[in-house]
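# What the coordinates show
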Amino acid sequence: MSKQKTILILFVKAGGGHESAAKSIKVKLEKFGHKVILVDMLASSPKWAQKQFDTGYVILTENLPWLWISINQMWNFRWFNLCTYWIFKLLCQNHIKQTILKNCPDMVLSTYFFGQKLSQNILISNQTKIPNYTIVSEIFQVPKIWFTFPGQYIIFSEQAFTI
């Protein structure tokens, strides 16, 4: 068995799927002997921002699907992607940076698409070269914005662990 690695898994509480995917991956990686740290990317952001991500997604998808579809269409515009990323960066960059520097991980995984770009920028600025991936758990339901920024992706499924 390879040496124990410290792995950070970044997630947001948008609807619960990102967090549950992170927890599922954590359980699997711990079975292989790795130390896994779950990191809510928005944990240090203002409460209103956490609430927007946590409940806003559910409200949009369940009660205002037409608005959710419209927002998804807006992500076809690069300026919208960049503005959205900039806001997300303002909300959680410091928290993610402090977590990475404190824990010195061997790998960073993210179950939310902005996580990889943000952590990659932090790793580069600190001249740290470690693997950094976005985990995609529902490949056929992922909005286009997930693939707007270049990065490395892992398709995760329970079936992969049974092979």
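Residues numbered from 1 in each chain as written. Predicted model: local features only at pLDDT ≥ 70, side-chain atom pairs only at ≥ 80, totals over all residues. Heavy atoms only, no water.

### Some details on the nonpolar core
Grouped together as the largest cluster of nonpolar side chains are 23 residues, with contacts concentrated most on Val12, Met41, Phe88, Cys92, Ile96, Tyr112 and Leu118. Mapped by element, the contributors of at least two residues to this core are strand E1 (6-11), strand E2 (35-40), helix H4 (78-103) and helix H5 (113-125). For this core, the element with the most residues is H4, which contributes six residues. Excluding residues within four positions of it along the chain, Val12 makes contact with His18, Glu19, Asp40, Met41, Leu42, Phe88 and Tyr112. Formed by 10 residues, the second largest nonpolar core is a distinct cluster that contains Ile7, Ala22, Val36 and Leu109. (Core = buried A, V, L, I, M, F, W, Y, C linked by side-chain atoms within 4.5 Å. Buried < 20%, exposed > 50% of the residue type's maximum accessible area, 1.4 Å probe, protein only. Helix = DSSP H or I, 4+ residues; strand = E, 2+ residues; numbered from the N terminus. Contact = heavy atoms within 4.5 Å.)

### Details of the pairing of strand E3 (residues 107-110)
Burial along E3 is two-sided: Met107 and Leu109 facing one way and Val108 and Ser110 facing the other are all buried. Here four bridges tie E1 to E3, and the two strands are oriented parallel to one another. Its bridge partner being in E3, Leu10 is matched across the sheet by Ser110. Looking at chain direction, E3 and strand E4 (residues 132-136) are connected through three bridges and run parallel. (Pairing = 2+ DSSP bridges.)

### Looking at the pairing of E2
In terms of strand pairing, E1 meets E2 through six bridges, oriented parallel. Counterpart to Ile9 in the pairing with E2 is Leu38. Following the chain from E1 across helix H1 (residues 17-31) to the adjacent parallel E2, one finds a crossover that is right-handed. (Right-handed = clockwise from strand over helix to strand, strands pointing away.)

### A few points about the packing of aromatic side chains
By convention here, two paired aromatic rings are described through the distance between centres and the angle between planes. According to the stated counting rule, one finds six aromatic pairs in the structure shown. Consider the rings of Tyr112 and Phe114, whose centres lie 6.1 Å apart with planes at 85°: the pair is edge-to-face. Of the two residues, Tyr112 and Phe114, both sit in the buried class. Members of the aromatic cluster, joined through ring pairs, are Tyr85, Phe88, Tyr112 and Phe114. The cationic tip of Lys117 hangs over the ring face of Tyr85; the distance from NZ or CZ to the ring centre is 5.1 Å. (Phe/Tyr/Trp six-rings, centres within 6.5 Å; stacked < 30°, edge-to-face > 60°. Lys NZ or Arg CZ within 6 Å of the ring centre and 35° of its normal.)

### Here we look at the pattern of salt bridges
Counting across every chain of the model gives three salt bridges. The residue Asp40 makes a salt bridge to Lys13 at a minimum N-O spacing of 4.0 Å. Of the two residues, Asp40 sits in strand E2 while Lys13 sits in the loop between E1 and H1, which places them 27 residues apart along the sequence. By relative accessible area, Asp40 is classed as buried at 14%. Residue classification places Lys13 among the partly exposed residues on the basis of a relative accessible area of 34%. A salt bridge links Lys26 to Glu30; the nearest nitrogen and oxygen atoms lie 2.8 Å apart. Of the two residues, Lys26 and Glu30 both sit in helix H1, four residues apart, roughly one turn of that helix. (Salt bridge = Lys/Arg side-chain N within 4 Å of Asp/Glu carboxyl O.)

### Some words on H5
One turn of the α-helix equals 3.6 residues, which is why residues spaced by three or four share an orientation. Residues of H5 that are buried include every one of Phe113, Phe114, Gly115, Gln116, Leu118, Ser119, Ile122 and Leu123, and no others. Phi turns positive, to about 50°, at Gln127, one or two residues after H5.

### Describing the side chain of His95
Locating His95 in the fold gives a position in helix H4. Aside from chain neighbours lying at most four places away, what touches His95 is Val39, Asp40, Met41, Ala43 and Ser44.

### What about the environment of Gln116?
Within the fold, Gln116 resides in helix H5. Distance from Gln116 to Thr134, taken between C-alpha atoms, is 5.7 Å for residues 18 residues apart in sequence. Among the polar contacts listed, one links the side chain of Gln116 to the side chain of Thr134, at a separation of 2.9 Å. (Polar contact = N/O pair within 3.5 Å; in protein donor to acceptor, adjacent residues only side chain to side chain.)

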